[in-house]
Amino acid sequence: MSAIKKAKTKVIKPKKLAISAAEFARRRRDLMACMEPNSIAIIPGAREVRRNGDAEYAFRQDSDFYYLSGFPEPEAVAVLIPGREHGEYVLFCREKDATRELWTGYRAGQEGACQNYGADDAFPIGDIDEILPGLIEGRERVYYSLGKDSEFDRHVMEWVNTIRSKVRAGAIPPGEFLDLDHFLHEQRLIKSAGEQKIMREAGKISARAHTRAMQICHPGMREFQLEAEILHEFAMAGGRYPAYTSIVGGGENACVLHYTENAAELNDGDLVLIDAGCELQHYAADITRTFPVNGKFSKEQRALYEIVLAAQQAAFDTIKPGNHWNEPHDAAVKTITQGLIDLKLLKGGLKKNLEKGAYQDFYMHRTGHWLGMDVHDVGDYKVGNEWRVLEAGMVLTVEPGIYVSPSNQDVPARWRGIGIRIEDDVLVTKQGHDVLTDGVPKAVDEIETLMAASR
Ligand code: GLY
Ligand code: MN
Ligand code: MN
């Protein structure tokens, strides 16, 4: 028999999901309908970022730019000019270039920008200094997000100054800069049917990845090895990149909220916290599970875990249209506080502890955030001074936790260094809500059964 073992990997067929050209066009139309008369909007794409030497970080298109254009290349600028006779949507992008394409890959070019990405008109990015001032000239208002990219800010000022320098020859410079973000981000906050489909799939893939990690985990493994299992599952299903750097924290590393070293050994008797989600077609999933490295919760771990799980359920129960953004957080805080009192980790009654915010020693972050193209997605949490009211189509995370600091001298030693978070992604529906990431177990018995079956 050969000494070389055959690798066993189940190859699944990734689902083909994409936002349609019609939807990208509708987004541009809807945004232009919000713009003041006689205005122009300038939306730059993301830059390539050098990592070291000749290597660059994997390119990720800017979310606002991609939301409107679906255009995946660097060195691109979208311009929206409502009412322009020769077309309202202009895209500046790289020219086709056989030599460059041989080295770094396909470019759509100007023809491709019009044919495949819905641009009415497209120009080489190298010509933007000559062409864009002419498009701005005569428009009273410019929609542009100042302050995000100082180099691009400078270009915008130069283009406006080019027009100003010609005022005596009759040129009319814009008189006002306006922020596009508000309208655009309100649009992004409500997910269309197409977006929901992609986010549902991202949730399923990420849930499978967490399940795989539970099945494979055993004492003596290193944190990055669990991370590798997670990334493998993402990529095999078409979510090649994670939506954010994965957190795999064993033992007290789980108490470091943004722990990403992922290098320690996983110890028998500890819990491990994994916060990881894939990005699919520019949409994020965001899941956290915490489970015992050896497959069996200790008494203390289980007691704290049950509180976090109950807090998550209490938060879920408040999610429906008409309720406000902060209700899930209030519900989670109340459950966690009562749970800590019951375990004698907090002294005194519920009311006093809530007033004092005593839970903050154990639970120091909020219960969730909007989720979409960005893991911490856009959209206001307050309107005026009031918490935002939930509407169908919004997607949020629900991620309560309890973290007992290893140095907390106010609690008996047996509780110290336990960190737990449980996080799922929730779509607000007309009827209430739908959990997009429930494909991965989270009840104590379910986790223990799954892990025992894969020993
Ligand atoms: N993974 C980032 C977060 O949960 O907010
Ligand atoms: Mn989150
Ligand atoms: Mn997370």
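Residues numbered from 1 in each chain as written. Chains lettered and ligands numbered in written order. Predicted model: local features only at pLDDT ≥ 70, side-chain atom pairs only at ≥ 80, totals over all residues. Heavy atoms only, no water.

Caption draft 1: The nonpolar core, seen in detail. The biggest cluster of nonpolar side chains holds 111 residues, and the ones touching the most others in it are Leu226, Val272, Ile274, Phe291, Leu304 and Ile402. Formed by 19 residues, the second largest nonpolar core is a distinct cluster that contains Val77, Val90, Leu132 and Ile163. (Core = buried A, V, L, I, M, F, W, Y, C linked by side-chain atoms within 4.5 Å. Buried < 20%, exposed > 50% of the residue type's maximum accessible area, 1.4 Å probe, protein only.)

Caption draft 2: Structural view of the site of ligand 1. Near ligand 1 you find Tyr244, Asp275, Asp286, His369, His376, Glu399 and Glu423, and these make up its full shell. The separation between a nitrogen atom of ligand 1 and a polar side-chain atom of Asp275 is 3.2 Å. Here Asp286 contributes a side-chain N or O atom positioned 3.2 Å from an oxygen atom of ligand 1. Considered on its own, ligand 1 offers 190 Å² of accessible surface; in the complex 85% of this is hidden by protein. Taken together, the residues of the shell around ligand 1 break down into one nonpolar, two polar and four charged. (Near = heavy atom within 4 Å. Polar contact = N/O pair within 3.5 Å; in protein donor to acceptor, adjacent residues only side chain to side chain. Areas by Shrake-Rupley, 256 points an atom, 1.4 Å probe, with all protein chains shown as cover. Nonpolar A, V, L, I, M, F, W, Y, C, P; charged D, E, K, R; others polar.)

Caption draft 3: A negative patch on the surface, seen in detail. On the surface, Glu95, Asp127, Asp129, Glu130 and Glu158 cluster together into a patch of negative charge. Looking at the secondary structure, you find Asp129 in helix α5 (residues 128-136). By relative accessible area, Asp129 is classed as partly exposed at 39%. (Patch = residues over 30% accessible without salt bridge, like charges linked within 9 Å, V, L, I, M, F, W, Y side chains within 5 Å. Salt bridge = Lys/Arg side-chain N within 4 Å of Asp/Glu carboxyl O. Lys, Arg positive; Asp, Glu negative; His and termini not counted. Charge placed at Lys NZ, Arg CZ, Asp CG, Glu CD. Helix = DSSP H or I, 4+ residues; strand = E, 2+ residues; numbered from the N terminus.)

Caption draft 4: Inspection of the sheet that holds strand β16 (residues 395-398) at higher detail. Spatially, β16-β19-β20 is the arrangement adopted by the three strands of the open sheet, whose pairing is antiparallel. Strand pairing shows two members of the sheet lacking a second neighbour, β16 and β20 (433-435), which therefore form its edges. Looking at each pair of strands side by side, their axes are set apart by 30° on average, direction ignored. Summarising the sheet, strand β19 (residues 424-428) and β20 pair through three bridges and their orientation is antiparallel. What sits directly across from Val428, in β20, is His433. (Pairing = 2+ DSSP bridges. Axes fitted to C-alpha atoms, helices over the stretch in contact; angles between N-to-C directions.)

Caption draft 5: Structural view of the pairing of β16. Alternating positions in β16 separate into two faces, Val395 and Thr397 on one and Leu396 and Val398 on the other, with burial throughout. In the sheet, β16 pairs with β19 via four bridges, with the strands oriented antiparallel. Bridge pairing in β19 places Val398 opposite Asp424.

Caption draft 6: Looking closely at the sheet that holds strand β13 (residues 287-292). Taken together, three strands build an open sheet; the order of strands is β9-β10-β13 and the sheet is antiparallel. One side of each edge strand has no neighbouring strand; the edge strands of this open sheet are β9 (247-250) and β13. Ignoring which end each strand starts from, the neighbouring axes of this sheet average 10° apart. Sheet topology note: the β9/strand β10 (residues 271-276) ladder contains four bridges and is antiparallel. Bridge pairing links Ile247 to Asp275 in β10. Strand contacts of helix α8 (residues 193-216): β10 and β13, with the helix running at about 15° to β13, the strand carrying the most contacts. (Contact = heavy atoms within 4.5 Å.)

Caption draft 7: Here's a closer look at the coordination of the manganese ion (ligand 3). With distances of 2.0 to 2.4 Å, the protein atoms coordinating the manganese ion (ligand 3) are Asp275 (OD), Asp275 (OD), Asp286 (OD) and Glu423 (OE). Considering all six donor atoms around the manganese ion (ligand 3), the spread of angles at the metal, 57 to 168°, places the coordination shape in the irregular class. Site description for the manganese ion (ligand 3): donor spacing in sequence, D-x10-D-x136-E. When its relative accessible area of 6% is taken as the criterion, Asp275 is described as buried. A relative accessible area of 3% means that Asp286 is categorised as buried. (Donors = N, O, S within 2.8 Å, 3.2 Å for Na, K, Ca; no water. Tetrahedral: all angles 85-135°; square planar, octahedral: opposite > 155°, others 65-115°.)

Caption draft 8: Representation of unusual backbone geometry in the model. Residues other than glycine seldom take positive phi values, yet Glu75 does so here, at roughly 55°. Its location among the elements puts Glu75 in the loop between α2 (63-69) and β4 (77-80). Look at Asn262: it is not a glycine, yet its phi comes out positive at around 50°.

Caption draft 9: Structural detail: the coordination of the manganese ion (ligand 2). Here the manganese ion (ligand 2) is held by the protein donor atoms Asp286 (OD), His369 (NE2), Glu399 (OE) and Glu423 (OE), which lie 2.0 to 2.2 Å from it. One way to put it: the six donor atoms around the manganese ion (ligand 2) meet at angles of 51 to 153°, and that makes the site irregular. Taken as an interatomic distance, the gap from the manganese ion (ligand 2) to the manganese ion (ligand 3) is 3.3 Å; Asp286 donates to each of them. Of the two residues, Asp286 is situated in the loop between β12 (283-284) and β13 and Glu423 in the loop between β18 (419-421) and β19; the sequence distance between them amounts to 137 residues. The burial state of Asp286 is the same as that of Glu423; both residues are buried.

Caption draft 10: A look at the side chain of Arg27. Checked against the element boundaries, Arg27 lands in helix α1 (residues 21-34). A polar contact of 3.2 Å, which involves the side chain of Arg27, links it to the side chain of Tyr283. Apart from residues no more than four positions distant in its own chain, Arg27 is found in contact with Ile19, Tyr67, Leu68, Gln187, Glu195 and Tyr283.

By themselves, these observations are geometric and do not establish any function.
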